[in-house]
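Next come the chains, spelled out residue by residue.
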Amino acid sequence: MKDFIHRAAEDLIRSKNAVALTGAGMSVESGIPPFRGKGGLWERFDPMEYAHIDAFMKNPAKVWDVLIKEMKGIIDNARPNDAHKGLARLEKLGILKTIITQNVDGLHQMAGNTDVVEFHGNFAWQRCMKCNNRCETTKIDIRQTPPRCECGGIYKPECIFFGEMIPPQCLQRSEMAASACDTMLVIGTSAGVQPAASIPLIAKQAGAKVIEINLEKTPLSKEISDYIIPGKAGEVLKTLTIEIDRLLANK
Ligand code: NAD
Ligand code: ZN
């Protein structure tokens, strides 16, 4: 791992426009479980029964009681881990320009990153399905579910459910960032879900170096990634930023 960290530190210092693509693995060390894989939410819940927009429309109380309440409990209390802090440091150093994330937890912004494209929306806000009024998730009263707005409408988290369209402006911004970057960090995503899977491909085809940070190999690892740094996102990013600071200090 050490050799790869040194190599990534040198690549990033040389980079003029680095972009990061992040997934659920990024926030595991903040106590937020991923959806797929070991310990993932889908081991306990059928996504089609709880995370599909049709399921929500049919029975919002059920989806609130089982999935959204639990997510609210976890996300309301989650704080950025060393991986989020590492990416915030890379932005401060002028290396990292944009983060494209599939996460809905808002931890990148909390860590201090300023340009974050959230293409699955954000869990921090709820929107009334009747009058479009917005309310912060932390302020929502969930003693009765589904929670309702003053107008009587039901609140729905501002994240993209299965069966919903990704906002076209997010897709466009991600594609633009990917095609303009010279280095792409792909962190904690299984890269199996579109459109996340195609973002690193766009970067690669535009000539960028693709560096993956993940506990496991992914479909990108063989063909797309230049190399993969195996390990936990928080540990890798912490060591990586220390190495970058060391190299910059010795310059
Ligand atoms: P995923 O659940 O499919 O995959 C997670 C990936 O992270 C895997 O490749 C796994 O090997 C890796 N991983 C796990 N722990 C890690 C760690 N500590 N360090 C580095 N890598 C680690 O996640 P996905 O590909 O992001 O797709 C699932 C979708 O679910 C996302 O699009 C997202 O919208 C949503 N989701 C979001 C959150 C969140 O906001 N934090 C949490 C769960 C799911
Ligand atoms: Zn309303």
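Residues numbered from 1 in each chain as written. Chains lettered and ligands numbered in written order. Predicted model: local features only at pLDDT ≥ 70, side-chain atom pairs only at ≥ 80, totals over all residues. Heavy atoms only, no water.

Chemist: Outline the site of ligand 1, supporting the account with residue identities and numerical values.
Modeler: What surrounds ligand 1 is a group of 25 residues, the closest being Gln102, Asp105, His120, Ser190 and Asn214. Contact distances for ligand 1 include 2.5 Å between an oxygen atom and a backbone N or O atom of Gln102. At a separation of 2.8 Å, a nitrogen atom of ligand 1 approaches a polar backbone atom of Ala233. The protein chains hide 93% of the 850 Å² of surface that ligand 1 would expose on its own. A domain split of the shell around ligand 1 shows at least three residues from each of domain 1 (1-32 + 80-120 + 166-251) and domain 2 (33-77 + 125-159). (Near = heavy atom within 4 Å. Polar contact = N/O pair within 3.5 Å; in protein donor to acceptor, adjacent residues only side chain to side chain. Areas by Shrake-Rupley, 256 points an atom, 1.4 Å probe, with all protein chains shown as cover. Domains from an automatic or database assignment.)

Chemist: Lay out the domain arrangement of the protein chain in plain terms, naming residues and giving numbers.
Modeler: Each assigned domain of the protein chain is listed here: domain 1 (1-32 + 80-120 + 166-251) and domain 2 (33-77 + 125-159). Relative placement of domain 1 and domain 2: their C-alpha centres are 28 Å apart. Each side of the interface is counted separately: domain 1 has nine residues, and domain 2 has eight residues. Taking both sides of the interface into account, the surface hidden between domain 1 and domain 2 amounts to around 660 Å²; carbon and sulfur atoms contribute 72%. Viewed at the interface, domain 2 and domain 1 are joined by zero salt bridges. Class assignment for the residues of the side of domain 1 that touches domain 2 results in five nonpolar, three polar and one charged. (Contact = heavy atoms within 4.5 Å. Buried area = accessible area lost by both parts, 1.4 Å probe. Salt bridge = Lys/Arg side-chain N within 4 Å of Asp/Glu carboxyl O. Nonpolar A, V, L, I, M, F, W, Y, C, P; charged D, E, K, R; others polar.)

Chemist: Pulling in residues and values, what's your account of the pairing of strand β6 (residues 155-159)?
Modeler: Within β6, four of the five residues are buried, leaving the element largely enclosed by the surrounding structure. As defined by bridge partners, strand β4 (residues 121-128) adjoins β6 across four bridges and the pair is classed as antiparallel. Bridge pairing in β6 links Arg127 to Lys156. (Buried < 20%, exposed > 50% of the residue type's maximum accessible area, 1.4 Å probe, protein only. Helix = DSSP H or I, 4+ residues; strand = E, 2+ residues; numbered from the N terminus. Pairing = 2+ DSSP bridges.)

Chemist: A description of the sheet that holds strand β5 (residues 134-136) should follow, citing residues and the corresponding values.
Modeler: The three strands lie next to each other as β5-β4-β6, forming an open sheet whose pairing is antiparallel. Only two strands of the sheet have a single neighbouring strand rather than two, namely β5 and β6. Here the average twist between neighbouring strands, direction ignored, is 40 degrees. By the bridge criterion, three bridges tie β4 to β5 in an arrangement that is antiparallel. Bridged to Arg127 within β5 is Arg134. Where helix α4 (residues 60-77) meets the sheet, it contacts β4 and β6, and its direction lies at approximately 125 degrees from that of β4. (Axes fitted to C-alpha atoms, helices over the stretch in contact; angles between N-to-C directions.)

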